[in-house]
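Observations on the three-dimensional arrangement
Residues per chain are reported as follows:
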Amino acid sequence: QVQFVESGGGLVQPGGSLRLSCAASGRISSIYAMGWYRQAPGKQRELVATITSGGNTGYPDSVKGRFTISRDNAKNTMYLQMNSLKPEDTAVYYCNAVSIGDIASWGKGTLVTVSS
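If you're wondering where the values come from, they're calculated on a predicted model, not measured in any experiment.

A word on the pairing of strand E7 (residues 67-72). Regular strands place their side chains on alternate faces of the sheet. What you see with E7 is a clean split: Phe 67, Ile 69 and Arg 71 sit on the buried side and Thr 68, Ser 70 and Asp 72 on the side with no burial. Bridge count for E7 against strand E8 (residues 77-82) is six bridges, and the pairing is antiparallel. Residue pairing in the sheet places Ser 70 in a bridge with Tyr 79 of E8.

See below:
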């Protein structure tokens, strides 16, 4: 069973950047689609980026143009580059599979706080 561990979160000022990493315990090359999710206190978890095994990516309007998702199958790692961060981006960020049949248990996530 594949497990995911998120890292790279922290405190950053508005307009700043962060790069999150997602290390998988097993091979991810066979996973069709993976993604990053985030959840702020009192709010529902939302999907903010997806990437397929073919390299196709997708983003909601809230982060489009600011976030970039990527994956390195050789390292069994996925990344989320976040630029032009806003206070509303503050949340706990999680990584997981998106494709049906590949979703694993949720990890502890990594906290991103955008504040001046």
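The bulk of non-glycine residues show a negative phi, and the bulk of peptide bonds are trans. For Asn 76, which is not a glycine, the phi torsion comes out positive at approximately 50 degrees. Relative to the assigned elements, Asn 76 resides in the loop between E7 and E8. Positive phi outside glycine occurs at Ser 84, with the angle close to 50 degrees. The residue Ser 84 is located in the loop between E8 and strand E9 (91-97) in this model. Ser 84 gets classed as partly exposed once you look at its relative accessible area, which sits at 41%.

About the criteria used
Residues numbered from 1 in each chain as written. Predicted model: local features only at pLDDT ≥ 70, side-chain atom pairs only at ≥ 80, totals over all residues. Heavy atoms only, no water. Buried < 20%, exposed > 50% of the residue type's maximum accessible area, 1.4 Å probe, protein only. Helix = DSSP H or I, 4+ residues; strand = E, 2+ residues; numbered from the N terminus. Pairing = 2+ DSSP bridges.

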